[in-house]
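Here's the letter readout for the chains.
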Protein chains: 6
Amino acid sequence: MAEAKLLGAPLPNLPWEDRAFASTEPVWRYSKNPIIKRNAIPTSNSVFNSAVVPFQNRFAGVFRCDNKKREMRLHSGISINGLDWSIDEGPIEWIIPEGVSKPEYGYDPRVAFIEDRFYITWCNGFHGPCIGIGWTQDFQTFYMLENALLPYNRNGVLFPRRINGKFIMLSRPSDNGHTPFGEIFLSQSDDLVHWGQHRWVMRGEMPWESTKIGAGPVPIETTEGWLLFHHGVLTSCNGFVYHFGATLLDIDMPWKVIGRTQSYLLSPQVHDEQVGDVPNVVFPCAALADSATGRIAIYYGGADTVTCLAFCHCAEIVNRCLDHA
Amino acid sequence: MAEAKLLGAPLPNLPWEDRAFASTEPVWRYSKNPIIKRNAIPTSNSVFNSAVVPFQNRFAGVFRCDNKKREMRLHSGISINGLDWSIDEGPIEWIIPEGVSKPEYGYDPRVAFIEDRFYITWCNGFHGPCIGIGWTQDFQTFYMLENALLPYNRNGVLFPRRINGKFIMLSRPSDNGHTPFGEIFLSQSDDLVHWGQHRWVMRGEMPWESTKIGAGPVPIETTEGWLLFHHGVLTSCNGFVYHFGATLLDIDMPWKVIGRTQSYLLSPQVHDEQVGDVPNVVFPCAALADSATGRIAIYYGGADTVTCLAFCHCAEIVNRCLDHA
Amino acid sequence: MAEAKLLGAPLPNLPWEDRAFASTEPVWRYSKNPIIKRNAIPTSNSVFNSAVVPFQNRFAGVFRCDNKKREMRLHSGISINGLDWSIDEGPIEWIIPEGVSKPEYGYDPRVAFIEDRFYITWCNGFHGPCIGIGWTQDFQTFYMLENALLPYNRNGVLFPRRINGKFIMLSRPSDNGHTPFGEIFLSQSDDLVHWGQHRWVMRGEMPWESTKIGAGPVPIETTEGWLLFHHGVLTSCNGFVYHFGATLLDIDMPWKVIGRTQSYLLSPQVHDEQVGDVPNVVFPCAALADSATGRIAIYYGGADTVTCLAFCHCAEIVNRCLDHA
Amino acid sequence: MAEAKLLGAPLPNLPWEDRAFASTEPVWRYSKNPIIKRNAIPTSNSVFNSAVVPFQNRFAGVFRCDNKKREMRLHSGISINGLDWSIDEGPIEWIIPEGVSKPEYGYDPRVAFIEDRFYITWCNGFHGPCIGIGWTQDFQTFYMLENALLPYNRNGVLFPRRINGKFIMLSRPSDNGHTPFGEIFLSQSDDLVHWGQHRWVMRGEMPWESTKIGAGPVPIETTEGWLLFHHGVLTSCNGFVYHFGATLLDIDMPWKVIGRTQSYLLSPQVHDEQVGDVPNVVFPCAALADSATGRIAIYYGGADTVTCLAFCHCAEIVNRCLDHA
Amino acid sequence: MAEAKLLGAPLPNLPWEDRAFASTEPVWRYSKNPIIKRNAIPTSNSVFNSAVVPFQNRFAGVFRCDNKKREMRLHSGISINGLDWSIDEGPIEWIIPEGVSKPEYGYDPRVAFIEDRFYITWCNGFHGPCIGIGWTQDFQTFYMLENALLPYNRNGVLFPRRINGKFIMLSRPSDNGHTPFGEIFLSQSDDLVHWGQHRWVMRGEMPWESTKIGAGPVPIETTEGWLLFHHGVLTSCNGFVYHFGATLLDIDMPWKVIGRTQSYLLSPQVHDEQVGDVPNVVFPCAALADSATGRIAIYYGGADTVTCLAFCHCAEIVNRCLDHA
Amino acid sequence: MAEAKLLGAPLPNLPWEDRAFASTEPVWRYSKNPIIKRNAIPTSNSVFNSAVVPFQNRFAGVFRCDNKKREMRLHSGISINGLDWSIDEGPIEWIIPEGVSKPEYGYDPRVAFIEDRFYITWCNGFHGPCIGIGWTQDFQTFYMLENALLPYNRNGVLFPRRINGKFIMLSRPSDNGHTPFGEIFLSQSDDLVHWGQHRWVMRGEMPWESTKIGAGPVPIETTEGWLLFHHGVLTSCNGFVYHFGATLLDIDMPWKVIGRTQSYLLSPQVHDEQVGDVPNVVFPCAALADSATGRIAIYYGGADTVTCLAFCHCAEIVNRCLDHA
């Protein structure tokens, strides 16, 4: 089996901590989790499901901050090391084109750098859960575009470059409540406004993802295919349990699944993941990758309350996908 | 109040029956309903929710024929007078472009003639209820296009011409079961493949449409706006009751509602509408209009079992919309 | 067993039809049902669940007329013979005391004559199903009082005189949807405004009333106790089926059940009861009684669509209650 | 394809009516349906889902009679021609062995003659729906045995002879409500008391049987296999619709399906099947077969209200099973 | 903005702990929570949702003690400092007037001192959740009154004095399960037995209270209005989360909301609130106030398992209500 | 009251820890819980609900190990002291008789030694939850038998010897989801293959077991009757809470309940029981008993994640059953 290489840029300041000596875990937690606590800003009830990208030799991010009214809001933030974050106290103010509705709320953002700017996708409450798109170049001024797809849809994630000349988005259409079902689809566009050529990508197959699945961080390009972390939900008699695993998608036909982990890579097993506003949740929304070393850092929400970090090696995860491990 | 005129072509052979002498009903039933019985072809369990258009001085149609396996299938048919129909015994065979999935099933078709061909939209079962588009020029060879929108969506209806240079489609996003909610949205496209600039159009407002609504026949152009018949559903303690009413949409900004009937125009009140595979359903999918007289003939399904016909005068219905009658 | 006598006034013009020669049914249908059709007034979708009383040697009534918006409204009406009705085209306009909300809607009225006026109780939509009370002396001017009880409650029925100096009301507290449960309670008042001394009366015991029960017409005073007709609901795999039976309550402690029919007295078995907006419903809201003959005429809704009439002899029904037949 | 023959005894007095001249239906209705009306005995609300067998040159049966309390009861009956029935006014009184509970209720009986007596299986309410077994030799004295299987189970049907030395029963385990799922299993026994060697037989595959299925009449032995009529349920937005089809099971390994009709053979399409206590139900519980002619008469319940009759030819149905028609 | 003053008596022995130096929280937890552990008496499974009042220079209370059968019971208790409690091992025995049913169970008590005695309101299981009223003068002998309102109702809370000559009660009508909806109403009485003049007060408006709300401790009189702490419930995909906030009601027309906190004041964020028999619950049932200092101590249940204490300053909370903070 | 004695063999190496000095708890936890952690083998997500028996002067067991695919699997294990366990990394491979389906999954095993071998019963996924039976003599080779009972059934538990010459099994029939109801039944067999003579044993009576109950460890024979620990489930607004109590069954007629604890013996009150994949679960599947001392060690699952141990004295628990304590 070939050793998968990351195809992106090197990222020497990637946050990192080596795997513990005796451990064989494919994904391991940062020893100082959570990196962002629930009360990180004065008005916040919780900060989680957050999207982080490299930005001008430092890091920037878009954060889901639920306030103490329990409203769901997006805030931007900045960090030198990717671990200690300074988050704006006010939510992002979008510059909105005529004819587009103001977002009712904002949750579960992803940020993808494509060509010359950072695109944000998130769930925005246009008559129900609906995928909004916006962009920024400086994490200070944010421009909203037309909503990408009709409601009722969540977990909209852009690929970090055009494929076959098209922008590509993953999404998870479903209903307008605490959805008990959901599969991943892919849609294509020339202009980020009109979407079509929809393709079905995959459903939950293993027990840990049997209720529903959704794309996690922006896919990571490797020599073997696009590496996608995705969350999967199992329904216990006490509600949903959120895990995550990984999938390898074909580079040129990214609706084709090349391989996929049968075991979850991480499940809620420590306090910040088991106890909080929604017990038993790990939910990844962003990943940083350093092509020089193959290291990947995954940002994930814990118990819908705090932001945590975990680490892995690209080649190990890709092999697990190919081995259906 | 101006008298609304139909803007389309004359249709001298429109099926028609005058309103009964003493009646003041805005929409009245054909005295020989149902025009198509449930066993119209040897394999059919029911024939209903059917789409009819003028075709070469006669009429053609696409019919929902559920067979005796209770599979939902589309069949084409032909008629000289719009009342007596010859329906193909075999279902429509689509010529399908590469990359597009074969339809799992077909139900609730609409047919719109735009520019040079007949476009069919229907619910096709691409990983759930999903709106397919296809076209024909002869009702013998049928070409499928890319699916228009992501699942889960039903009641996709095209406008009969471009507006502001765009193709326009109404749809009703919802879930994948016997949906208990749903509102009408509008989407726009340059190429019938990529859709965007989604606009919210309307929700159920009156009790008869309080559970959900959906567009019915292809909108009819009038001097006062687009005339849209739409079905509305009320939930009784014994299930859903389907009625229909009408809405007038702005000619150039068809996501704007100009007027709308507050009362239903037709509700299930006679045997073929009250008794059948799904009791208490009237469901319109097609309408013919004669601009010379202002007459409109509406084809609707009865009790999800048979195909029925009703009639009205354009100006009367438009006035009811404007009066919110 | 003593022969029960009616204690009220004679009512020589009571509508009546003898039991068919060969029949042994305790309650029999009028041969010309329905007496009021669904389109009795121009705006009506249905007229059913209606309350009728003797009034100035004729009859007056309060009718549930759902209009073609499917709004639920109360209308008053007048009749010489109790069979042919003239119903006001406009709904009842209430004169409402300060602080009391205007009714959102009106359904399932009962009318009780107490002392010097006619009291109407109905379900009025004060933040959910809630029992309103009003009164009239002429069936032209209607005065509303404070709502009697908190939501969520339906089937509020007054006794036709004070008992132990108190006004007495039966009601059926439950929830705000298509309630799947419900038992009858009794409340007491000095002033028709403040209610207390609540007593539990009975629950559904037999299969035909196993989902829920509710009081029907105003109780009828007999030598053996108060005769109460009540509806009972059974849940089939296709929804609710409404039947009715009878109960005998203690004259002085009307929360005490003396006897009760184990079999239903009437169930939906003919077209107007089996087919309509809500299939399989017989729902009694009013009864007239002639103390000279022991005859009782029961007004009931059929399939939530039309108004029907049935007949019985007081002594026979009382005996069935006492026999638990 | 070989012409299937019936292997049982001739039954010259089988009730029969030829197929209408122009009809090609595989199963056709008796022109005088219903053969038993809902009020066949004074206390009955409905008589349906009834089991009929040849008995001493005449016919005997066990009938589901719901009384006017809506209690579900089994009654026996007798007939000279299989069409006109005399039904006992009182329910069957079981002689019950020590340790076995008295049945709470009785519904949906089947009767199988095995070796020297008639065995009745039915749903008896032993702490929920549960399959009881009993026997009679004269349809006057009835002996109950131990309950065959644990609750929650319905549609228990015995084969009419031992296979490989074992008694064989089909059943449909499920839950204790209006079950939305269910598949057919087979169990084996030496003594009719202890059951084991359970085998899974089949699930609903076609849309008309997609919610649940259940065995109908006692299987009929043919040269090609056991012919089993089974009901199948589809869930519409207004509840369950019951159809029936047929399956051919292997003679020696009756858990193996040899063939099966993909289309239903009968669905509720006429008044007595579409309108009644449970609209849209045809439910077969018994069949008579004449090996001399290949004729089969099927007794089925209509709308959970009345008893109907339909006819078919053995070879035609077997061929439809083998053709998956 | 005027500084709100408490209008009641001084309470120099109010339990109190200052806010932590660096904290800006409006409500802060006692550092030694829980003050009552789950096994406070030998038979208890949990002690929570408890009502405390000043009594003879000490404190008395009524406590919800669920026993190890998980029966819900009310016990009385006594304390010198409001922190260390001696709870009776046996439940309260009510002296019950004729005609009133013995309580099935007891939960979520409130205690209000009015004129000359302590009134207890609680949920007592009279045919479902129902608000009982009783009184005591010595916390040894307890007298029950008529139930105040019909089922199904919870969170009945009396005001501590008559208003406009009337007793006033808040309540939250709903259903008989784990209610997914509910709004606060107000009822009035001359005699604590008959209740009427019902007024709607408020619904949940912010996300943290979007499922349902209910009154908490007895309202506290201030110069700006009645200060009411109320709980609010949000439904996550893993069940209910209980928070609490505050509302200011008009002194003379207490159904009028003057102001209300938009943010919750406390949410489950520490172990005793997040982990227990019902995770993620803070539920206030009592508050003590010292008019000399403006200090308020709030007793609240943690995770339906233990009793906790929190503190605040009257003026700060009132200002937050007026600011809609 | 007689002091109950254990009737089995002495077990001098029973794992044991005395009750803490000040405690009066009838069942007390091992101070070093959990004895088996969730990651006990490399592939395990959790190890819980495990069955332990004495075996060749040591202990053997069958363990539910959910792997990181969240598949439910049975593994065998061995231990010298009953505390430290060596668990096979691979799941049990069954030798399966012809005609029996391979288990889809395995969970919640029990092991009973009867006559000359160890019988395992578990839930095996034969078309839904279904009770499998197998046996081993060496915990290395495992033979599967016919499934004992039809789906949908869980918590199948054998008695450790024949009674009246019959094998005896307890089970809990229910449905195929997260069952919200369920009672214990008993079935009898001569051959472990065919089961019959079903008897109803008991339902949940106290609040802690009001949703459903199920048998726990193999019943323990005492001089007073069979001692059965059983779990009981209460539904809070945040899901199920699992407790356990005990029941005493008649020695010769084990379907007769002699006594039963009204209070639970253990409820989830410490971290490993309150926090994990399913919060708030204690679930006993095995017990060891030493007849020389009357000591019992109970193995139970904590939060569906880890394996824990608790202790009690036989006579104390039997007395609590007899006292209905």
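Now for a look at the structure at hand. (Residues numbered from 1 in each chain as written. Chains lettered and ligands numbered in written order. Predicted model: local features only at pLDDT ≥ 70, side-chain atom pairs only at ≥ 80, totals over all residues. Heavy atoms only, no water.)

**With respect to the overall build of chain A**
Scanning chain A for helices and strands turns up 2 helices and 22 strands. Against the compact-globule benchmark of 20 Å for 325 residues, chain A has a radius of gyration of 18 Å, which places it among compact chains. Summarising its shape, the C-alpha atoms of chain A cover approximately 55 × 45 × 45 Å along the three principal directions. Expressed as a percentage of its 325 residues, the buried residues of chain A come to 67%. Once local pairs closer than 6 in sequence are excluded, the contacts in chain A between residues at least 24 apart make up 54%. In the form shown here, chain A has an accessible surface area of approximately 10700 Å², with 49% of it arising from carbon and sulfur atoms. The average position of the 27 basic charges and that of the 34 acidic charges among the side chains of chain A differ by 3 Å. (Helix = DSSP H or I, 4+ residues; strand = E, 2+ residues; numbered from the N terminus. Rg over C-alpha atoms; globule rule 2.2 N^0.38 Å. Buried < 20%, exposed > 50% of the residue type's maximum accessible area, 1.4 Å probe, protein only. Contact = heavy atoms within 4.5 Å. Areas by Shrake-Rupley, 256 points an atom, 1.4 Å probe, with all protein chains shown as cover. Lys, Arg positive; Asp, Glu negative; His and termini not counted. Charge placed at Lys NZ, Arg CZ, Asp CG, Glu CD.)

**Examining the interface of chain C and chain D**
The partner chain D presents 17 residues to the 19 residues of chain C that form the contact. Both sides together, the interface formed by chain C and chain D hides about 1600 Å², and carbon and sulfur atoms give 52% of it. For chain C, the biggest contributors to the area lost against chain D are Cys237, Asn238 and Tyr264 of chain C; these three give 35% of the whole. Viewed at the interface, chain D and chain C are joined by 0 salt bridges. Across the contact surface, chain C and chain D share 11 residue pairs in polar contact (both at pLDDT 80 or more). Sorting the residues of the side of chain C that touches chain D by element identifies strand E17 (225–236) and strand E18 (239–249) of chain C as the ones contributing at least two each. (Buried area = accessible area lost by both parts, 1.4 Å probe. Salt bridge = Lys/Arg side-chain N within 4 Å of Asp/Glu carboxyl O. Polar contact = N/O pair within 3.5 Å; in protein donor to acceptor, adjacent residues only side chain to side chain.)

**A short note on the relation of the copies chain C and chain D**
Rotating chain C by 120 degrees about the axis while translating it 0.0 Å along that axis superimposes it on chain D, leaving an RMSD of 0.0 Å. Here the two chains are linked by the operation of a three-fold rotation axis. Of the interface residues in chain C, just 11% have counterparts in chain D that sit at the interface too, so the contact is made through distinct surfaces. (Least-squares fit on C-alpha atoms with pLDDT ≥ 70 in both.)

**Comments concerning the arrangement of the chains**
Of all 9 pairs of chains in contact, the one with the most contacts involves chains D and F. Left apart from each other, chain A and chain D have a closest C-alpha approach of 18 Å. Chain B shows no contact with chain E. Their nearest C-alpha atoms sit 18 Å apart.

**What to know about the relation of the copies chain D and chain F**
Turning chain D through 180 degrees and shifting it by 0.0 Å along the axis lays it on chain F, with an RMSD of 0.0 Å. The relationship between the two copies is best expressed as a two-fold rotation axis. Looking at chain D, 100% of its interface residues are interface residues in chain F too, so the copies touch through the same face.

Geometric descriptors of this kind do not, in isolation, establish any biological role.
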